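Okay, here's what each chain looks like letter by letter:
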Amino acid sequence: MRIPFVQVDAFADRPFSGNPAAVMTLDHWLADDILQAIAAENNLAETAFLVPSAGDDADYELRWFTPAVEIALCGHATLASGHVLLSGAPGHGQVRFATRQAGVLEVSRDGDGYLLALPAWTVEARALPDIAAAIGGEPIETHWRDGGYAILLYKSEADIRALTPDLRKLGSLGDILYIATAPGDRTDIVSRVFAPGAGIDEDPVTGSAHCLLTAFWAARLGRNDFTAFQASARGGHLGCKLVGDRAILSGKCVTVIEGDFTLP
């Protein structure tokens, strides 16, 4: 069995930046353990699997796997999936994905880039002493969302770049997405994201983190449209806009590998 394989750098305007994702289109769903084994073999932060949808609300069904687990939502691999499908269909302006835990997501063309519509999630202020100690630095606020999402607010971009978290400790706390954020120097906001419990020590660019950061920062900035930079080693730029209950993220994609995955 040969499965089409495309590797895409998402939230990137050139190769070797942004966040790489594998996009693999199937005729039907394979067993979960096979999907997990393929993702582990790809050894990328996420592999997106697509199957044509039989329903009217979406064009494709979409699932995401890290090398270790299936996850509820992945923004950059959704953007990459939209890029792959729309690049092969120049007459189409958008594609909709039915997901198992995040509802229907949409990617649409936006000039030479794309818009990604995700749910805008909110957080509540909560003391997180163990997480704050493991992330390090001096967060001025900590916030939590049930389902395993933590936001730590710092004073400056320099504080974010200086973080050297205890990844072993963070991983021992469970499958949690840890988001450190602050006002940016050259963009409105900056962040770094860690997910060692899901097998990802530091994620290069994280769309799902910006589901939370969009509403979080819109309230603090006093406006619904702003720029963001994720300060990982690869780095990635995003535009963020809060529209009702949706976080609209903008970004570009670059295809870097195309081929087939051979499954015995």
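Not measured: the values here are computed from a predicted model. (Residues numbered from 1 in each chain as written. Predicted model: local features only at pLDDT ≥ 70, side-chain atom pairs only at ≥ 80, totals over all residues. Heavy atoms only, no water.)

The next subject is the pattern of salt bridges. Within this structure, the stated rule accounts for 13 salt bridges. Put simply, arginine 96 and aspartate 59 hold a salt bridge, and the shortest N to O gap is 3.7 Å. Of this pair, arginine 96 sits in strand S6 (residues 94–98) while aspartate 59 sits in the loop between strand S3 (46–52) and strand S4 (60–65); the two residues are 37 residues apart in sequence, bridging distant segments of the chain. Given the relative accessible area of 33%, aspartate 59 is considered partly exposed. Among the charged side chains, a network of salt bridges with common partners joins Asp32, Arg63 and Glu70. (Salt bridge = Lys/Arg side-chain N within 4 Å of Asp/Glu carboxyl O. Helix = DSSP H or I, 4+ residues; strand = E, 2+ residues; numbered from the N terminus. Buried < 20%, exposed > 50% of the residue type's maximum accessible area, 1.4 Å probe, protein only.)

For the rest of this paragraph, the subject is helix H2 (residues 75–87). End to end, H2 covers 18 Å across 13 residues, agreeing with the expected 18 Å (1.5 Å per residue, within 8%). Within H2, 11 of the 13 residues are buried, leaving the element largely enclosed by the surrounding structure. (Expected span 1.5 Å × (residues − 1).)

Time to look at the pairing of strand S11 (residues 149–153). Of all five residues in S11, five are buried, a share of seventy percent or more. Here S11 shows two buried faces, one formed by Tyr149, Ile151 and Leu153 and the other by Ala150 and Leu152. With five bridges connecting them, strand S10 (residues 141–145) and S11 associate as antiparallel partners. The residue bridging tryptophan 144 from the neighbouring strand is alanine 150, located in S11. In sequence, S10 turns back onto S11 through a hairpin of three residues, with glycine 147 there showing a positive phi of about 110°. Here S11 runs beside strand S12 (residues 177–183); their pairing, made up of five bridges, is parallel. Counted as the bridge partner of alanine 150 is tyrosine 178 from S12. (Pairing = 2+ DSSP bridges.)

Within the chain, phenylalanine 16 stands out as a residue other than glycine whose phi angle is a positive 70°. Residue placement: phenylalanine 16 occurs in the loop between strand S1 (2–10) and strand S2 (19–25). With a phi angle near 55°, asparagine 43 is a residue other than glycine that sits in the positive phi range. Tracing the sequence through the fold places asparagine 43 in the loop between helix H1 (32–42) and S3.

This part takes up helix H6 (residues 207–221). Compared with the 21 Å implied by 1.5 Å per residue over 15 residues, the 20 Å span of H6 between its first and last C-alpha is a close match. At leucine 213, H6 is deflected by roughly 35°, the largest bend along its length. Burial analysis of H6 places 12 of its 15 residues in the buried class, the great majority of the element. Within the span of H6, buried status applies to Gly207, Ser208, Ala209, His210, Cys211, Leu212, Leu213, Thr214, Ala215, Phe216, Trp217 and Ala218. (Bend = angle between axes of the 7 residues up to and from the residue.)

Our focus in this paragraph is the environment of glycine 174. Looking at the secondary structure, you find glycine 174 in the loop between helix H5 (167–172) and S12. The sequence separation of glycine 174 and leucine 116 amounts to 58 residues, and the corresponding C-alpha distance is 28 Å.

Applying the stated criterion to the full structure yields three aromatic pairs. Judged by centre distance (5.8 Å) and plane angle (80°), the ring pair of phenylalanine 216 and tryptophan 217 falls under edge-to-face. Look at phenylalanine 216 and you get buried, because its relative accessible area is 4%. On the accessibility criterion, tryptophan 217 (5% relative accessible area) is buried. In this arrangement the basic side chain of arginine 63 is found over the ring face of tryptophan 29, its NZ or CZ atom lying 5.1 Å from the centre. (Phe/Tyr/Trp six-rings, centres within 6.5 Å; stacked < 30°, edge-to-face > 60°. Lys NZ or Arg CZ within 6 Å of the ring centre and 35° of its normal.)

For asparagine 19, the location among the structural elements is in strand S2. A polar atom in the side chain of asparagine 19 sits 3.2 Å from the side chain of histidine 76. In terms of polar contacts, asparagine 19 uses its side chain to reach the side chain of aspartate 203, at 3.1 Å. (Polar contact = N/O pair within 3.5 Å; in protein donor to acceptor, adjacent residues only side chain to side chain.)

A full pass over the atoms with the stated rule returns zero disulfides. Cysteine 240 takes part in no disulfide bond, and the closest cysteine sulfur, belonging to cysteine 211, lies 9.7 Å away. What makes cysteine 240 buried here is its relative accessible area of 1%. (Disulfide = S-S within 2.5 Å.)

Don't take any of this as a statement about function, it's just geometry.
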